[in-house]
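Observations on chain architecture
The lines below spell out each chain.
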Amino acid sequence: EGFQVVTAFGGHGVGRNFHEPPRIMHTGEPGEGHRLIEGQVFTIEPMLTEGSALTRVEDDGWTVVTRDGSLSAQWEHTVVVAALGASILTR
């Protein structure tokens, strides 16, 4: 019941190649996961669903849909970690 966060996908590092490490998860406990360091650039791109968080990739190899057909939304921001905090680059 309610909304779910899809955990099969996460954000990623941004650099010379598409979808570079590190993988940035959108769920977890404070203090766990990847340690952010100054100069690092990464995406935050959560996918939320009205139903199940289970997904499948369409035959085109790119489109992701929920297995139960529920509505979902996904968006992305690119963030840089700076000495005084983080800045969102895609505003």
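As the structure is a prediction and not an experimental result, all values here were calculated from the model.

A look at the overall build of the chain
- For the chain, the helix and strand inventory stands at 0 helices and 10 strands.
- The linear arrangement of helices and strands in the chain, starting from the amino end, is β-β-β-β-β-β-β-β-β-β.
- Burial analysis of the chain (91 residues in total) assigns 23% to the buried set.
- Carbon together with sulfur atoms contributes 53% to the accessible area of the chain, which is approximately 6700 Å² in total.
- With 6 positive and 12 negative side-chain charges, the chain shows a separation of 7 Å between the mean positions of the two kinds.

A short note on the sheet that holds strand β5 (residues 47–49)
- Judged by pairing direction, the sheet is antiparallel, and its 3 strands sit side by side in the order β1-β5-β8 without closing on themselves. With partners counted over all chains shown, the strands left at the sheet margins are β1 (4–5) and β8 (72–74), one partner each.

Comments concerning the pairing of strand β10 (residues 85–88)
- In terms of strand pairing, strand β9 (residues 77–82) meets β10 through 4 bridges, oriented antiparallel. Residue Val-79 lies in a different strand from β10, and its bridge partner there is Ile-88.
- Between β9 and the antiparallel strand that follows it, β10, lie 2 residues.

Cut-offs and rules
Sequence positions are assigned chain by chain, starting from 1 and proceeding in written order. Only residues with pLDDT of at least 70 get local features here, since the model is predicted, and only at 80 or more are side-chain atom pairs given and counted; chain-wide, interface and lining totals rely on the full set of residues. The side-chain quantities take in all heavy atoms of the structure and omit both hydrogens and water. Helix numbers and strand numbers start at the N terminus; a helix is a DSSP run of H or I with at least 4 residues, a strand a run of E with at least 2. Exposed residues in this analysis have more than 50% of their type's maximum accessible area, buried residues have under 20%, and partly exposed residues fall in between, with area computed by a 1.4 Å probe over protein chains only. Only the protein chains shown count as covering a residue, and every accessible area follows the Shrake-Rupley method with a 1.4 Å probe. In this count, Lys and Arg are taken as positive residues and Asp and Glu as negative ones, while His and the chain termini are left out. Lysine's charge is taken at NZ, arginine's at CZ, aspartate's at CG and glutamate's at CD. Pairing between strands requires that DSSP locate at least two bridges from one strand to the other.

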